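Structural overview
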Amino acid sequence: MFTAHDKLKPSYDVVIIGGGGHGLASAYYLARDHGITNVAVLEKGYIGGGNTGRNTTIIRSNYLTPEGVKFYDKSVQLYQDLSTEFDLNLFYSTRGHFTLAHTDSAMRTMRWRAEVNKHYGIASEVVGPEEVKRQTPQIDLSCGGHAPIQGALYHAPGAVARHDAVAWGYGRGADMRGAEIHQQTAVTGIEVKGGKVVGVHTTKGFISTNKVICAVAGFTPRITDMVGFKTPIFVHPLQAMVSEPMKPWLDTILVSGSLHIYVSQSARGELVMGASLDPYEVQSTRSTLDFPEGLAAHLLDMFPFLSHSKVVRQWAGMADMTPDFAPIMGMTPVEGFYLDSGWGTWGFKATPVCGKTMAWTAVNDKPHELITGFSLDRFRNYSLTGEKGAASVGH
Ligand code: FAD
């Protein structure tokens, strides 16, 4: 699918660490928007094998902060044209996204989000239980009697897409324009002299470069250790699972913060399901038995008729969480080292806008206007971008 490159060149204008969606999109926009093609994407495994290939593909822009809403809205806009641009079907499917509220305080947060969203022109409104039932007739609105649904935040543009195809599309587009993608090539060290990046050590030798974009999600702390600074990122496993394929019955995407669950139905008919983070900090992609047990119990509260359905796969990814649930993007204390991280449970939807803004940032050596609210400095300046109300369970 990609041009084979046996060897690394001795130097590149830009080296991108991580061949997930974000790294590949950065390479794509460096080439497409800025004509920079002397670029290497270094991936220690295979492209899309990290969180890009492990996520539950929810795309939405109904966030809580103005910074978040504007940023994710741009991503949703970019997604609209990608299948045509790549000449590759991404199975982008607009479904409508309900964030269910089971308590008065959850309803308050939904109203807050709806108002912020509307202010920025995002289709987002609070609806009553009857609208949830109208669009999802199979739901038990009482949720087994112990968590009745009071209403929901409804976001009509909410969508799902095929995650692998997003990585492949960006990878192919970057490759066709001359960027090099090196799989099975791990970064093992980063050379910094006088506070500036000068090169990267890999399992296939040393490369000189003055610009490095780091897009490694759950591996971020290992890479920032190599350049000698710390971020407040902590890594927790995030698990997901799918059911056996069924005839299509669930058109919408449903999220319940109170029941710690979200669900949509894929083009293949499988129910794609997830929950909140595992509660312990560990850098591992092992999944556990208590995850499907807990998730299934809550799913049956909403859809008791699924009691005989089978789970066919479960897995985990490593989520790079931040204290305020917003990403960390842009400049760092090391000149020429640009960070695209803190993508926790919410970064798939941001793939296009991350690629575009990171490419711009590396070329211009200053943060793109859409990412100024996500700077690493905000933790030093106590000016956090509090996104937890919109980014915890609802990825
Ligand atoms: P990744 O896809 O993880 O890519 C990073 C790459 O870096 C990996 O391929 C890795 O092998 C490579 N790498 C690491 N270290 C090195 C090294 N030293 N040298 C070379 N390469 C290296 N987001 C949403 O928006 N919606 C969702 O519904 C959603 N659901 C999720 C469900 C689960 C179960 C998980 C785990 C995540 C979910 N996310 C979701 C989050 C989303 O998947 C991630 O934020 C996003 O995919 C991050 O993309 P990335 O390209 O930055 O990282």
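Parameters and conventions
Residues numbered from 1 in each chain as written. Predicted model: local features only at pLDDT ≥ 70, side-chain atom pairs only at ≥ 80, totals over all residues. Heavy atoms only, no water. Salt bridge = Lys/Arg side-chain N within 4 Å of Asp/Glu carboxyl O. Helix = DSSP H or I, 4+ residues; strand = E, 2+ residues; numbered from the N terminus. Buried < 20%, exposed > 50% of the residue type's maximum accessible area, 1.4 Å probe, protein only. Axes fitted to C-alpha atoms, helices over the stretch in contact; angles between N-to-C directions. Parallel < 35°, antiparallel > 145°, perpendicular 65-115°, else oblique. Contact = heavy atoms within 4.5 Å. Nonpolar A, V, L, I, M, F, W, Y, C, P; charged D, E, K, R; others polar. Left-handed = near helix turned anticlockwise from the far one by under 90°. Phe/Tyr/Trp six-rings, centres within 6.5 Å; stacked < 30°, edge-to-face > 60°. Pairing = 2+ DSSP bridges. Disulfide = S-S within 2.5 Å. Expected span 1.5 Å × (residues − 1). 1 Å grid on protein atoms, 1.4 Å probe; cavity = no way out; pocket = protein on both sides within 12 Å on 5 of 7 lines; lining within 4 Å. Points joined across faces, edges and corners; volume = space filled by probe spheres on them.

Take the pattern of salt bridges next. Evaluation of the coordinates by the stated rule reveals 12 salt bridges. For Glu-85, the salt bridge identified is with Arg-32, shortest N-O distance 2.7 Å. One end of the pair, Glu-85, is in helix 2 (residues 66-86); the other, Arg-32, is in helix 1 (residues 21-34), and 53 residues separate them in sequence. For Asp-33, the salt bridge is made with Lys-356, and the minimal N-O distance between the two is 2.7 Å. Taken together, the residues Asp-33 in helix 1 and Lys-356 in helix 8 (residues 351-364) connect sequence positions 323 residues apart. Residue Asp-33 is classed as partly exposed on the basis of its relative accessible area, which comes to 30%. Salt bridges sharing partners connect three or more residues here, namely Arg-32, Asp-33, Glu-85 and Lys-356.

Turning to the packing of helix 2 against helix 8, a few remarks are in order. Closest axis-to-axis distance for the helix 2/helix 8 pair is 7 Å, and the angle between their directions is 105°. Looking at the two axes, helix 2 sits roughly perpendicular to helix 8. Along its contact with helix 2, which presents Phe-71, Lys-74, Ser-75, Leu-78, Tyr-79 and Leu-82, the element helix 8 presents Thr-351, Pro-352, Val-353, Cys-354, Lys-356 and Thr-357. Here the residues of the contact of helix 2 with helix 8 are counted per class, giving 7 nonpolar, 3 polar and 2 charged.

Moving on: the packing of helix 1 against helix 8. Two numbers describe how helix 1 lies on helix 8: the axes approach to 7 Å, and their chain directions differ by 55°. Taken together, the axes of helix 1 and helix 8 are oblique relative to one another. Judged by the sense of rotation from one axis to the other, the crossing of helix 1 with helix 8 is right-handed. In this structure, helix 1 uses Gly-21, His-22, Ala-25, Ser-26, Tyr-29, Leu-30, Arg-32, Asp-33 and His-34 to contact helix 8, whose residues at the interface are Thr-351, Pro-352, Cys-354, Gly-355, Lys-356, Met-358, Ala-359, Trp-360 and Val-363. Looking at the contact of helix 1 with helix 8 residue by residue, the class counts come to 9 nonpolar, 6 polar and 3 charged.

This model, assessed by the stated rule, comprises 17 aromatic pairs. Geometrically, the ring pair formed by Phe-98 and Tyr-154 is tilted, given 4.6 Å between the ring centres and 35° between the ring planes. Taken as a pair, Phe-98 in strand 5 (residues 97-101) and Tyr-154 in strand 7 (residues 151-155) lie far apart in primary sequence, 56 residues in all. Across this residue pair, the class does not change: Phe-98 and Tyr-154 are buried. An aromatic cluster is built from Tyr-63, Phe-71, Tyr-72, Trp-343 and Phe-374, whose rings are joined through pairwise contacts.

A few words on the sheet that holds strand 8 (residues 159-160). Read across the sheet, 3 strands follow the order 3-8-4 without closing on themselves; strand pairing throughout is antiparallel. For this open sheet the edge positions go to strand 3 (58-59) and strand 4 (93-94), each flanked by a neighbour on one side alone.

Okay, the pairing of strand 11 (residues 196-202) next. Across 6 bridges, strand 10 (residues 187-193) lies against strand 11 in antiparallel orientation. Its bridge partner lying in strand 11, Glu-191 is registered against Gly-199. Counting the residues that bridge the hairpin from strand 10 to strand 11 gives 2 residues, and of these Gly-194 lies at a positive phi of roughly 60°. Two strands pair when backbone bridges link them, and strand 11 and strand 12 (residues 205-208) are joined in this way by 4 bridges, in the antiparallel orientation. Within strand 12, the residue paired with Gly-199 across the bridge is Ser-208. Where strand 11 folds back onto strand 12 in an antiparallel hairpin, the turn is made up of 2 residues.

Let's shift gears to the state of the cysteines. Under the defined criterion, the tally for this structure stands at 0 disulfides. Free of any disulfide, Cys-214 has its nearest neighbouring cysteine sulfur in Cys-354, separated by 13 Å. Overall, Cys-354 belongs to the buried group, its relative accessible area being 0%.

Moving on to helix 5 (residues 163-176). Taking 1.5 Å per residue as the helical rise, helix 5 with its 14 residues ought to reach 20 Å, and the 20 Å between its terminal C-alpha atoms agrees with that figure. The buried fraction of helix 5 is high, at 11 of 14 residues. Here the buried face of helix 5 lies against helix 1, helix 2, strand 9 (180-182) and helix 8. The first or second residue beyond helix 5 is Gly-178, which carries a positive phi of 115°.

Quick look at the sheet that holds strand 6 (residues 125-127) now. With mixed pairing, 8 strands are arranged side by side in an open sheet as 6-7-5-15-16-17-14-18. Single-partner strands in this sheet number two, and they are strand 6 and strand 18 (311-321). When strand polarity is set aside, the average angle formed by the axes of neighbouring strands in this sheet is 20°. Pairing of strand 15 (residues 253-256) with strand 16 (residues 261-265), which is carried by 3 bridges, proceeds in the antiparallel orientation. Counterpart to Ser-256 in the pairing with strand 16 is Ile-261. This element, helix 3 (residues 104-119), spans strand 5, strand 6 and strand 7 of the sheet and lies at about 145° to strand 5.

Moving on: the layout of surface pockets. Of the volumes computed, that of the second largest pocket is approximately 560 Å³. For the second largest pocket, the lining is made up of 23 residues, of which Arg-162, His-163, Ser-266, Arg-268 and Glu-270 are closest to its centre. Of all the secondary structure elements, the ones that give two or more residues to the lining of the second largest pocket are helix 5, strand 16 and strand 18.

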